[in-house]
Amino acid sequence: MTRQNPSTPPFSLSPFVSSSFSESLSAASDSLSLSLSHNTFAQHGANRHTIILMQTSQNRATRTFMDYDSISQAMDGICRLYERKLKDLNPANQNITYDIADLYNFIDGLADMSALVFEHSIQAYLPYDRQWIKQRTLQHLRRMAH
């Protein structure tokens, strides 16, 4: 990502990466650092920029991240990721349904998943684990159902 305002100091995400990511990153002498400007977040009001870090298998090359303007959009993104996987596994099936246990199994089946959520009051990202993500996806799906 590029900084939008060069006079604003960047936020480094590396201190906030989940422990399993941190351990594997330091063991491999890799580093994860994204620079995001304060002005990017000011435009989003109460929304909290959310970065989902995930690793689909034990292979470090499968590490990736997805970023969203809000927690709700991030949870929707995780659901869409699972739905895309279901469609890939069942291409002939036009109507695919799943329940929360299936989504939880998908999340638990990943080698790693965590979230970094920007907290405006401290101008930093706070880390959240897989369990928090599962709770937030359930809340998100309940809100969408009503």
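Here goes a summary of the coordinates provided. (Residues numbered from 1 in each chain as written. Predicted model: local features only at pLDDT ≥ 70, side-chain atom pairs only at ≥ 80, totals over all residues. Heavy atoms only, no water.)

**Overview of the packing of aromatic side chains**
- Evaluation of the coordinates by the stated rule reveals 4 aromatic pairs.
- Look at Tyr82 and Phe106: their rings are 5.0 Å apart centre to centre, the planes differ by 40°, and that puts the pair in the tilted class. Within this pair, whereas Tyr82 is found in helix α3 (residues 71-89), its partner Phe106 is found in helix α4 (residues 100-109), the two being separated by 24 residues in sequence. Phe106 shares its class with Tyr82; the two are buried.
- With a centroid separation of 5.3 Å and 65° between ring planes, the pair formed by Phe118 and Tyr125 is classed as edge-to-face. As far as the burial class goes, Phe118 and Tyr125 line up, both buried. (Phe/Tyr/Trp six-rings, centres within 6.5 Å; stacked < 30°, edge-to-face > 60°. Helix = DSSP H or I, 4+ residues; strand = E, 2+ residues; numbered from the N terminus. Buried < 20%, exposed > 50% of the residue type's maximum accessible area, 1.4 Å probe, protein only.)

**A few points about the pairing of strand β1 (residues 50-55)**
- Among the 6 residues that make up β1, 6 are buried, leaving the element largely enclosed by the rest of the structure.
- On β1, burial covers both faces: Thr50, Ile52 and Met54 on one face and Ile51, Leu53 and Gln55 on the other are all buried.
- Sheet analysis places β1 next to strand β2 (residues 63-68), joined by 6 bridges and oriented antiparallel. Its bridge partner being in β2, Gln55 is matched across the sheet by Arg63. (Pairing = 2+ DSSP bridges.)

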